[in-house]
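A closer look at the structure
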Amino acid sequence: MSYETSRGCPFGCTYCEWGGGINSKVSFKPTEYIYEDYDFIFRELKPHFFNFIDANLGISARDVDLVEKLCEHKVATGYPESVYYFGPSKVKKENVYKIDRLIAKHGMTVDYKISAQDLESVVNKNIDRTDDAWESQLEEYKKIRDEYGGKLRFELIMGL
């Protein structure tokens, strides 16, 4: 099951195909609609896998609430068995870490993605990439892994 709660990307990373580097506005699906969708999805479809396909999941504190509600469905129905999201927020990493902790606490993940465009901070500056340093992501994900298990996965997006 693939699901999108927001569309758009406020960043203008020069290399990006997702947002096209256009600094587009992010629009959010109303929360009550998402909760209604969840009720239907987990009652009727019972997906084993649930994939958020947002460009920046975690960009809003609301995203943490959405994952908390998803976890409630996991407890009530046993579904989904696994959760993955393709586009963690480049900023608001505290929300991303909360999301990963919730997913891990409910046994719905086996790995944690540490994303880096390049290992040199000057490259991120030159391409307008806004992100936490990979080192700080690594430290936070080590804490989550130590608490809940799983593996760390390093994603070097594209060498520049």
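Residues numbered from 1 in each chain as written. Predicted model: local features only at pLDDT ≥ 70, side-chain atom pairs only at ≥ 80, totals over all residues. Heavy atoms only, no water.

With respect to the layout of surface pockets
The computed volume of the second largest pocket comes to approximately 150 Å³. Together, 14 residues line the second largest pocket, and Asp118, Ser121, Asn124, Ala133 and Trp134 are the ones closest to its centre. At the level of elements, strand S6 (111-116), helix H4 (121-126) and helix H5 (134-148) are the ones that each hand at least two residues to the lining of the second largest pocket. (1 Å grid on protein atoms, 1.4 Å probe; cavity = no way out; pocket = protein on both sides within 12 Å on 5 of 7 lines; lining within 4 Å. Points joined across faces, edges and corners; volume = space filled by probe spheres on them. Helix = DSSP H or I, 4+ residues; strand = E, 2+ residues; numbered from the N terminus.)

Points about empty space enclosed by the protein
Rolled over the atoms, a probe with the dimensions of a water molecule shows which regions are left empty. Applying the stated criterion across every chain yields a total of one cavity of 30 Å³ or more. The calculated volume of the largest cavity comes to roughly 130 Å³. Across the lining of the largest cavity, the residue classes break down as eight nonpolar, one polar and four charged. (Nonpolar A, V, L, I, M, F, W, Y, C, P; charged D, E, K, R; others polar.)

Side note on the sheet that holds strand S5 (residues 82-85)
As summarised here, the arrangement of the three strands in space is S1-S4-S5, forming an open sheet in which the pairing is parallel. Each having just a single partner strand, strand S1 (2-3) and S5 make up the two edges of the open sheet. Direction of pairing for strand S4 (residues 49-52) relative to S5: parallel, over a ladder of four bridges. Among the inter-strand pairings, Phe52 is bridged to a residue of S5, identified as Tyr85. (Pairing = 2+ DSSP bridges.)

All quantities given are derived from atomic positions and should not be read as evidence of function.
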